[in-house]
Amino acid sequence: VLGTYQPSNTLLSLSADQYTGGSATWSDQSGNGLDFTVSTNASLKGTDTDGFPYMNFGGSYGIAKRIVSSALTNITAPTTGKYTIFCVTQMLGTTTPQRTLIRGSSVDHQVYVGNNTNNLGLYDNSGSDFVDSGFDITTAMSNSRNLLVWELSTSSPIYKFQLNESGTDSTITSATNYTLPFCCIGGYHNV
């Protein structure tokens, strides 16, 4: 999720300031046409006290889903075997329910905070289940807006996370059957 700056080779770019409130489409600004479907509820998009627009996936407005021909469809798999994700967000500060930032169409939560924990990691549906990165989101992420950066890869380390350009990575080196492509932002698509 990026603002106005577009690095070269951007695969997907979604920004709250580029979303038109009440629209069912959150348009990909990268030029690749990887648009997401969202609720038309006007409260989905808000503006914080500093005047920054945001998308509210913690409310009752649902999540962003990539739907093609009426089916959940993952975004394009990276040709490099690696996604770098930049996201400005605030996480829910409760340990229930699970908190999913991105999820694949049929398996795996690539960025996930599980039930009854505040640890950030991934969920490998057909392998290792919850894999912990060792990062506790209560450090800062649940009460303020932060820059979160992930490097997700098909080779080790498969998951590197950094908060607010701290220079310190939380990593996961492997998960049994973990996959990268995702189709949902802001939650688990069956909820």
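Structure's up top.
In this report, we go over the structure that sits alongside the text. Small disclaimer: the values here were computed from a predicted structure and weren't measured.

Description of the sheet that holds strand 13 (residues 146-153)
Reading across from one edge, 8-13-14-15 is the order of the four strands in this open sheet, with antiparallel pairing throughout. The open sheet has two edge strands, strand 8 (82-89) and strand 15 (170-172), and neither has a second partner. Between one strand axis and the next, the sheet turns by 15° as a mean value, whatever way the strands run. Where strand 14 (residues 159-163) and strand 15 come together, three bridges link them in antiparallel fashion. Bridged to tyrosine 159 within strand 15 is isoleucine 172.

Quick notes on the nonpolar core
One finds Leu120, Trp150, Leu152 and Tyr159 to be the most contacted residues of the largest nonpolar core, which totals 40 residues. Those elements giving two or more residues to this core turn out to be strand 8, strand 9 (99-103), strand 10 (109-113), strand 11 (119-124), strand 12 (129-136), strand 13 and strand 14. Those residues in contact with tyrosine 159, other than ones at most four positions away along the chain, are Gln110, Val111, Leu120, Gly121, Leu122, Ser133, Trp150, Glu151, Leu152, Ser170, Thr171 and Ile172.

Analysis parameters
Residues numbered from 1 in each chain as written. Predicted model: local features only at pLDDT ≥ 70, side-chain atom pairs only at ≥ 80, totals over all residues. Heavy atoms only, no water. Pairing = 2+ DSSP bridges. Helix = DSSP H or I, 4+ residues; strand = E, 2+ residues; numbered from the N terminus. Axes fitted to C-alpha atoms, helices over the stretch in contact; angles between N-to-C directions. Core = buried A, V, L, I, M, F, W, Y, C linked by side-chain atoms within 4.5 Å. Buried < 20%, exposed > 50% of the residue type's maximum accessible area, 1.4 Å probe, protein only. Contact = heavy atoms within 4.5 Å.

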